[in-house]
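Overview (structure and organization)
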Amino acid sequence: MVSDREIEHAVAVLRAGGLVAFPTETVYGLGADAANPDAVRKIFAVKGRPATHPVIVHIADAVQLPAWAAEVPEAAHRLARRFWPGPLTLILKRARSVNDVVTGGQDTVAVRVPSHPVARRLLARFGGGIAAPSANRFGRVSATTAEHVRREFGDAVDCVLDGGEADVGIESAIVDLSGAAPALLRPGWIRADELASVIGAWPAAGGAEAPRAPGTLAAHYAPRTVLIMVEGDLLVELAGSLTRVGKRVAALAFSARRPLLQGLAWIAAPSDARGYAHALYASLRALDDAGCDAILVEKPPQAPEWAAVNDRLARAAAGSAVPDDT
Ligand code: TXA
Ligand code: MG
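Before going into details, it helps to say that this report is about the structure given with it. (Residues numbered from 1 in each chain as written. Chains lettered and ligands numbered in written order. Predicted model: local features only at pLDDT ≥ 70, side-chain atom pairs only at ≥ 80, totals over all residues. Heavy atoms only, no water.)

1. Details of the overall build of the protein chain
In terms of regular secondary structure, the protein chain is built from 10 helices and 14 strands. Counting only C-alpha atoms and orienting by the principal axes, one finds that the protein chain spans roughly 60 × 45 × 35 Å. Across the 326 residues in the protein chain, those meeting the buried criterion constitute 56%. Carbon and sulfur atoms form 53% of the exposed surface of the protein chain, whose accessible area is close to 13600 Å². When the 34 basic and 35 acidic side-chain charges of the protein chain are each reduced to a single mean position, those positions are 2 Å apart. (Helix = DSSP H or I, 4+ residues; strand = E, 2+ residues; numbered from the N terminus. Buried < 20%, exposed > 50% of the residue type's maximum accessible area, 1.4 Å probe, protein only. Areas by Shrake-Rupley, 256 points an atom, 1.4 Å probe, with all protein chains shown as cover. Lys, Arg positive; Asp, Glu negative; His and termini not counted. Charge placed at Lys NZ, Arg CZ, Asp CG, Glu CD.)

So this is what it looks like as structure tokens:
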């Protein structure tokens with residue numbers, strides 16, 4: 001799918017201080033050489049992301065951790081052994097040498113070893129750390145295909161590696177091991193109980209995904225069209241009443257059956273949490289592009305394996321249809 005020549009080209013772009021979008025198993029990342037502050041600054045410029053939001057450093061292997069983290073606690077070793085390469089990000093005390101532009105000036109650094117084969121080849125050939133946030137404009141829906149990335153950024157990105165659809169479909173779980181007790185800052189595909197079984201303690205719910213930028217937190221991962229969460233039995237009813245007053249409605253259904261309504265954009269979501277997460281962002285993009293007045297999302301179950309999906313949906317609802325300067 002991605003040739004060795006493309007990997008070599010991407011490595012050359014990174015070494016020259018350029019931006020490379022690459023697939024990971026969670027979502028696509030917008031990468032720069034983490035050791036080159038000017039290159040990392042380009043990420044912030046292209047995304048429209050505030051400088052106080054730190055970025056994740058992607059590395060090829062956990063053996064590289066000491067280059068980025070001043071302290072690697074036992075819990076980090078355990079989690080890395082169990083879940084890396086994979087959709088888990090660890091927040092650790094930063095090594096002195098890490099650039100402030102990567103950490104947002106905080107005393108911690110976020111590190112992850114991704115499992116997507118293209119990301120692994122890129123990291124192995126590059127050798128250093130690749131700073132990469134999700135490849136989307138700030139506050140918007142993450143990209144799960146190379147096409148999403150190209151549509152989002154056009155020529156502003158020097159190189160886009162196409163590794164197909166991201167497998168997991170939502171961003172990594174973020175566990176903060178820099179404080180007195182482990183905290184889950186962002187739920188992900190790896191559940192809290194799986195983390196607890198490895199570290200021997202239930203991680204505290206972090207709630208705040210980026211402690212340095214409160215206020216912007218609730219609104220994230222959002223389409224431009226207003227997004228409303230509704231209970232299953234109300235979805236069809238609300239779609240009907242909006243349609244009757246001349247509104248165009250888009251719906252992401254879970255169990256509801258599609259009604260016969262004019263101008264309705266309708267996607268039936270997969271009924272298992274893994275399938276739902278995998279398809280979520282592509283579905284939200286498609287419904288957003290349908291040019292409707294509202295996106296109605298039928299609430300999925302509240303069970304533990306749905307925690308990450310429910311977290312992203314709540315943020316999408318909070319952030320939808322807010323002005324573009326967020
Ligand atoms: O799955 C993922 O994690 C994807 C792929 C590309 O790896 N990346 C991703 O990055 O979602 P981003 O920047 O969109 O989200 C990372 C989150 C941000 O909310 C950021 O504020 C937080 O991690 N973060 C990064 N470094 C941190 C730190 N030192 N302390 C606390 N939060 C941090
Ligand atoms: Mg993001």
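Following the structure, the description resumes.
2. With respect to the pattern of salt bridges
Two side chains carrying opposite charge are able to pair once their charged atoms lie near each other. Counted by the stated rule, this structure contains 19 salt bridges. For Arg94, the salt bridge identified is with Asp100, shortest N-O distance 2.9 Å. What you see here is one network of salt bridges that share partners, running through Glu147, Arg150, Arg151 and Asp289. (Salt bridge = Lys/Arg side-chain N within 4 Å of Asp/Glu carboxyl O.)

3. Here's the deal with the packing of helix H1 (residues 4-15) against helix H5 (residues 117-126)
Direction vectors running N to C along H1 and H5 enclose 55 degrees, while the axes themselves pass 10 Å from each other. Comparing their axes, H5 and H1 come out oblique. Between H1 and H5 the crossing geometry is right-handed. Across the interface between the two elements, Asp4, Ile7, Glu8, Ala10, Val11, Leu14 and Arg15 of H1 pack against Val118, Arg121, Leu122, Arg125 and Phe126 of H5. Broken down by class, the residue content of the contact of H1 with H5 amounts to seven nonpolar, no polar and five charged. (Axes fitted to C-alpha atoms, helices over the stretch in contact; angles between N-to-C directions. Parallel < 35°, antiparallel > 145°, perpendicular 65-115°, else oblique. Left-handed = near helix turned anticlockwise from the far one by under 90°. Contact = heavy atoms within 4.5 Å. Nonpolar A, V, L, I, M, F, W, Y, C, P; charged D, E, K, R; others polar.)

4. Structural notes on helix H8 (residues 232-244)
Every buried residue belonging to H8 is among Leu235, Ala239, Gly240 and Thr243, and all of these are buried. For H8, the buried positions fall inside an angular range of 120 degrees around the axis, keeping them on one side. Of the exposed residues in H8, those oriented more than 90 degrees away from the buried face are Asp233, Glu237 and Arg244. Buried residues belonging to H8 abut strand S11 (227-230), strand S12 (249-253), strand S13 (265-268) and strand S14 (294-298). Once H8 finishes, Gly246 follows within two positions and takes phi at roughly 85 degrees, a positive value. (Arc of directions from axis to C-beta.)

5. Observations regarding unusual backbone geometry
The phi angle of most residues is negative, glycine excepted, and most peptide bonds adopt the trans form. Each neighbour pair has its own omega, and for Trp84 with Pro85 the value is -5 degrees, a cis peptide bond. Relative to the elements of secondary structure, Pro85 occurs in the loop between helix H3 (74-83) and strand S4 (88-93).

6. Brief notes about the sheet that holds S11
Taken together, four strands build an open sheet; the order of strands is S11-S14-S12-S13 and the sheet is parallel. Only two strands of the sheet have a single neighbouring strand rather than two, namely S11 and S13. The sheet shows a mean angle of 15 degrees between the axes of neighbouring strands, taken without regard to direction. Bridge count between S12 and S13: four bridges; the pairing is parallel. Bridge assignment links Ala251 to a residue of S13, and that residue is Trp266. Against the sheet, helix H9 (residues 273-289) touches S11, S12, S13 and S14, its axis set at about 175 degrees to S12. The sheet strands contacting helix H10 (residues 307-319) are S11 and S14, and the helix crosses S11 at an angle near 135 degrees. (Pairing = 2+ DSSP bridges.)

7. Digging into the packing of aromatic side chains
Applying the stated criterion across every chain yields a total of four aromatic pairs. With centroids separated by 6.3 Å and ring planes inclined at 55 degrees, the aromatic side chains of Phe254 and Tyr276 adopt a geometry described as tilted. One end of the pair, Phe254, is in the loop between S12 and S13; the other, Tyr276, is in helix H9, and 22 residues separate them in sequence. Ring geometry for Phe254 and Trp306: centres 5.4 Å apart, planes at 90 degrees, overall edge-to-face. Pair noted here: Phe254 is in the loop between S12 and S13 and Trp306 is in the loop between S14 and H10, with a separation of 52 residues, a long-range link. In this structure Trp306 comes out as buried when scored by relative accessible area, which is 4%. Members of the aromatic cluster, connected to one another through ring pairs, are Phe254, Tyr276 and Trp306. The ring of Tyr221 is capped by Arg312, whose NZ or CZ atom sits 5.4 Å from the centre of that ring. (Phe/Tyr/Trp six-rings, centres within 6.5 Å; stacked < 30°, edge-to-face > 60°. Lys NZ or Arg CZ within 6 Å of the ring centre and 35° of its normal.)

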